[in-house]
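Here is how the chains run, residue by residue.
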Amino acid sequence: MSQPQKISRKKIGKATASQILAANPTRSVWVSANAGTGKTRVLVDRIARLLLAGCAPQKILCLTFTKTAAAEMAERINHRLGGWVIMNDADLKAELTDLSQNEPDIDTITHARTLFARVLETPGGLKIRTIHSFAESLLARFPLEAGVAPHFTVIDERTASELMSSAQNNVLEKSYLKKNSAISKAMHHLAELVNEESFAKLMRELTSAKSNLNHILATYGDGLDDAITEMVGLEQSESTIEKILLNACTDDAFNNDGLSQAAIALDHGAAGSKKMGVALSGWLNETPQKRADDFISIHAALFIKKDGEAKAKLTTKGTDEFDSAALEILLTEQARVLRVLEKIKCAQTANATRALLTVGRAIQAEYEILKRGGGVLDYDDLIEKACSLLADEDSASWVHFKLDGGIDHILVDESQDTSPAQWIVVKGLAGDFFSGRGQRENMGEDAQDNMGRTVFAVGDEKQSIYSFQGADPYEFGRMSDYFEKRITDAGAEFTPLQLITSFRSTNAVLKTVDTVFDNPVAFDGLSFKDEKVLHKSHRSGEAGLVELWQPELPESIIDADPWDAPLDRLSFKSPQTKLAERIAATIKGWFDNNEILKSKGRPIRPDDILILVRRRGVFADEMIRQLKLNGVEVAGSD
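So, here's what we can say about the structure. (Residues numbered from 1 in each chain as written. Predicted model: local features only at pLDDT ≥ 70, side-chain atom pairs only at ≥ 80, totals over all residues. Heavy atoms only, no water.)

Turning our eyes to something else, we now look at the nonpolar core. By size, the foremost hydrophobic cluster in this structure holds 37 residues, and its most contacted members are Trp30 and Phe483. Elements with a contribution of two residues or more to this core: β2 (60-64), α6 (131-141), α19 (379-391), β6 (409-412), α21 (420-429), β7 (454-459) and α22 (473-489). Sorting elements by how many residues they give to this core places α19 first, with 6 residues. One finds Ala33, Ile77, Leu81 and Leu115 within the second-largest nonpolar core, a separate group that totals 35 residues. (Core = buried A, V, L, I, M, F, W, Y, C linked by side-chain atoms within 4.5 Å. Buried < 20%, exposed > 50% of the residue type's maximum accessible area, 1.4 Å probe, protein only. Helix = DSSP H or I, 4+ residues; strand = E, 2+ residues; numbered from the N terminus.)

The structure is reproduced here in structure tokens:
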């Protein structure tokens, strides 16, 4: 029989002062953490310390962004607690001391050995879930309160896409059958602006942002048209192109007398000026409606070039000599024409937006009908329904009461990628944490501590990459301000914290990153509090080198004679191929010259080298090919 593996505290390593403070279970903490600073370590430490302090496992909720992150965190906390069971007393005492900076007594050590079994015996185990998974379980427990079908099923993205395609086809059919309907007019308007391929892409983008679309429709309702007009910078009296043109062509909208005087002066200039004077005089003598009809084709053409730019020269020498004031009058009118044309562009944008939202509303309504018919929910529905459930105070109180006696501690991982709707779920769950008796309606019969209820979040707005799913990194900062006010007003402790010490990269790499973002242009929008990007390396004394290579540019293409023989055709290399060749040749040079890896004190080997790429694609395939052509041993992707 094999002996139990001895778990050494050296495998975990000592936490930094900032990590220890972040893991303090007695206070709410908001952590802005750089990459590689041990965010998962802090989360695991905090959960372990909550359990050590006597918090029941079912009262801890940890929300992560991906299933992979949830699985990794669950595995790490189980490994930590399982290690405590078989660890000898000396090592366990040392590890618990490192964890909280307090030497544990014998009761704490004994309690630590029981935690693994307690977690295993908890129905469902620790709640370490993605926010969608948690929302699904919430709706499954409270379907009537949430207004969803009992025993609903959640459809994956592929099925949702198929349903959305069916909804689009149904709407297209209705627009064809009902020629004068609003949806038909909107569809025709869009068809005039985009081709078939662009229309399909537009519909995909529209349906992929259905949560934003629903929010817009719910927020503005019947006032949506007026809101669109206001958002593009127009008055309600300018809501249509016709109104804008007519407003611009009334007798009191421009300097009629001055322009008439300028038209006379233009008649004394060169041939082009004479022609302009005739056209200007003719337009001035029309009725306001006729002026509006001819504004773009005749009047604006006198002042604006075909590319939309203002004409640089409006008068000639003869005009200026006859009337020196004519140029200023014409320049004033030119500026007015430019403003009118800008308003027309705004109106066109508003019209296109109205048409798009009309189509989007119809498709979304059809999509909802199809989902209800099948008793299914998509991922956005999970968040939306959970938000509605927790927004109702009566329902939220009932939900909290039934959730195994309540949740006392919420931990949010990868907070920079949490969308505003998902934050509403978090706010709903923590709604009574810091008000009245909710601050101390804690624990169960087995509680051993006197902790209050806490909220913990960790994220890095610099790493937010899920904006296409509604993530808003600035929400991380806004939620920090929200919870800070709620918590401090209740007299509890709230600690904003930064983790800047990276365990992953060397100082050379991190200083390069900081130097890049010292440039205000590169830094713009990177931090919600405009705090300077600062990294420190834990790997002091370790070597590092950053080389910046000139980019590989496309080769200029020479027009070939179509009558050349096939063997006479010139070959061209793409930038990807040239870069792959360069990298492969550099690596081969290291091996040929017995380049020393200083950290190991030996020549570089193939398994010392890792090539990172943005995505698996043409370059990755070409990189592997070039390495093989150069005789470099390569394991392939991953």
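So, next bit.
On to the pairing of β2. With 5 of 5 residues buried, β2 lies mostly within the body of the structure. The pairing of β2 with β6 spans 4 bridges and is classified as parallel. Bridge pairing links Ile60 to His409 in β6. Here 4 bridges tie β2 to strand β3 (residues 127-130), and the two strands are oriented parallel to one another. (Pairing = 2+ DSSP bridges.)

This part covers unusual backbone geometry. For Gln101, which is not glycine, the phi torsion reads 65° and is therefore positive. With respect to the helices, strands and loops of the structure, Gln101 is situated in the loop between α4 (89-100) and α5 (106-121). Judged by relative accessible area, which is 49%, Gln101 ranks as partly exposed. Here the phi dihedral of Asn594 falls at roughly 50°; this positive angle occurs in a residue that is not glycine. Position of Asn594 relative to the elements: it lies in the loop between α25 (575-592) and β11 (596-597).

Looking now at the packing of helix α14 (residues 256-266) against helix α18 (residues 326-374). Between α14 and α18, the shortest axis-to-axis distance is 9 Å and the interhelical angle comes to 125°. Judged by the angle between their axes, α14 and α18 are oblique. Every pair of crossing elements has a handedness; the one defined by α14 and α18 is left-handed. Residues Gly258, Leu259, Ala262, Ala265 and Leu266 of α14 lie in contact with α18, whose contacting residues are Ala326, Ile329, Leu330 and Glu333. Considered class by class, the residues forming the contact of α14 with α18 number 7 nonpolar, 1 polar and 1 charged. (Axes fitted to C-alpha atoms, helices over the stretch in contact; angles between N-to-C directions. Parallel < 35°, antiparallel > 145°, perpendicular 65-115°, else oblique. Left-handed = near helix turned anticlockwise from the far one by under 90°. Contact = heavy atoms within 4.5 Å. Nonpolar A, V, L, I, M, F, W, Y, C, P; charged D, E, K, R; others polar.)

Turning our eyes to something else, we now look at the sheet that holds β2. Reading across from one edge, β3-β2-β6-β7-β1-β8 is the order of the 6 strands in this open sheet, with parallel pairing throughout. Each of the sheet's edge strands pairs with one partner strand only, and the pair in question is β3 and β8 (494-499). Each neighbouring strand pair of the sheet contributes to a mean axis angle of 15°, computed without reference to strand direction. Across the sheet, helix α3 (residues 67-86) lies against β2 and β3, angled at about 160° from β3, the strand it touches most. Against the sheet, α6 touches β2 and β3, its axis set at about 110° to β3.

Before going further, it helps to spend a moment on α25. Across its 18 residues, α25 extends 25 Å between first and last C-alpha, which sits within 8% of the 26 Å expected from 1.5 Å per residue. All of the buried residues in α25 are Thr577, Lys578, Ala580, Ile583, Ala584 and Ile587. For α25, the elements touching its buried residues are α26 (618-629). At the C-terminal side of α25, Asn594 shows a positive phi close to 50°. (Expected span 1.5 Å × (residues − 1).)

With that out of the way, let us pick up the side chain of His535. Topologically, His535 is positioned in the loop between α24 (520-523) and β10 (536-537). Residue His535 is classed as buried on the basis of its relative accessible area of 13%. A distance of 2.7 Å separates polar atoms of two side chains, one belonging to His535 and the other to Asp514. What His535 contacts, discounting residues up to four positions off in sequence, is Asn34, Lys462, Ile500, Leu510, Val513 and Asp514. (Polar contact = N/O pair within 3.5 Å; in protein donor to acceptor, adjacent residues only side chain to side chain.)

So, about the packing of aromatic side chains. Applying the stated rule across the entire model yields 7 aromatic pairs. Three or more aromatic residues link up through ring pairs in this structure, and these residues are Trp30, Trp423, Phe476, Tyr482, Phe483 and Phe494. Lying over the aromatic face of Trp283, Arg291 brings its terminal NZ or CZ to 5.9 Å of the ring centre. In this arrangement the basic side chain of Lys427 is found over the ring face of Tyr482, its NZ or CZ atom lying 4.5 Å from the centre. (Phe/Tyr/Trp six-rings, centres within 6.5 Å; stacked < 30°, edge-to-face > 60°. Lys NZ or Arg CZ within 6 Å of the ring centre and 35° of its normal.)

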